[in-house]
Every structure is written in C-alpha cells, then in structure tokens.
Amino acid sequence: LEQLIRRAQGEGAKVLIRAHPLNPATVSNFTALHRDQYAAFFEGLEARHPGLVAEKVIRAWPPEAFGDEDLHMNAHGASIAGVELANDLERELAE
C-alpha cells in the first residue's frame, strides 16, 4: 500500500482511500479497540503521505444492501455505493 501511494503521488495523482461499507452483522463484531486501531492505521498513512485522503471510519449500511451477513453487496448496495463513490470523487477532486 505504501509503495502504491508513493508511486501514485509521485505521478501527481491525488490518492483517496475509501473503505467498503459493511453489513451491520459484520460491524457488530468490531470492538472499540479494533475501531481505534483501524482509524490509527489510516491516520498514520495520512501523516506519512501528505495530501492523502483516507476514510477512517468503519461504516455500516443496512442489511438490504447485502446479499449475506458479510461483505458481499447485492445489486441494490452496489448501486448505492456507485453513486456515493461518484459523489465523493467529484467532491474530493474538485478541490
């Protein structure tokens, strides 16, 4: 990941790291420590790579967006994710 970020930034690209939204059944297994470590990992990346924008929160979406109780989105979830990604990219890249 570090090499990919360095390479992209070296080529002049703005690097955005987004996390895949998760099913509430999956998110319910994460402890406060896990959430803190997750955020700290991405905060560390941002500190080492100025200009990097990383999402540091584990997001839960409604179960209707998934085909199971894990990470696998269904067509409805993928549609929502696509719109959200497009909006996020437009916002981040406009700056």
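Quick note: structure is the one above.
Described in the following lines is the structure provided in the data block. (Residues numbered from 1 in each chain as written. Predicted model: local features only at pLDDT ≥ 70, side-chain atom pairs only at ≥ 80, totals over all residues. Heavy atoms only, no water.)

### A few points about the side chain of Thr26
Inference 1: Looking at the element boundaries, Thr26 is found in helix α2 (residues 24-27).
Inference 2: Accessibility expressed as a relative area gives 12% for Thr26, which makes it buried.
Inference 3: Discounting chain neighbours no more than four positions away, the residues touching Thr26 are Glu69, Asp70 and Leu71. (Helix = DSSP H or I, 4+ residues; strand = E, 2+ residues; numbered from the N terminus. Buried < 20%, exposed > 50% of the residue type's maximum accessible area, 1.4 Å probe, protein only. Contact = heavy atoms within 4.5 Å.)

### Topic: the packing of aromatic side chains
Inference 1: Under the criterion given, the structure shown has 2 aromatic pairs.
Inference 2: Measuring from ring centre to ring centre gives 5.0 Å for Tyr38 and Phe42, while their planes differ by 65 degrees; the resulting arrangement is edge-to-face. Placement of the pair is Tyr38 and Phe42 together in helix α3 (residues 32-48), with a separation of 4 residues, close to one helical turn.
Inference 3: For Phe42, a relative accessible area of 11% corresponds to the buried category.
Inference 4: A centroid spacing of 4.9 Å and a plane angle of 85 degrees characterise the contact between Phe41 and Phe42, whose relative ring orientation is edge-to-face.
Inference 5: Through a chain of ring-to-ring contacts, the aromatic side chains of Tyr38, Phe41 and Phe42 assemble into a single cluster. (Phe/Tyr/Trp six-rings, centres within 6.5 Å; stacked < 30°, edge-to-face > 60°.)

### Side note on the environment of Ala81
Inference 1: Looking at the element boundaries, Ala81 is found in helix α4 (residues 75-94).
Inference 2: Along the backbone, Ala81 and Pro21 are 60 residues apart, and their C-alpha atoms lie at a distance of 8.2 Å.
Inference 3: When sequence neighbours within four positions are dropped, the list of residues in contact with Ala81 reads Trp61 and Met73.

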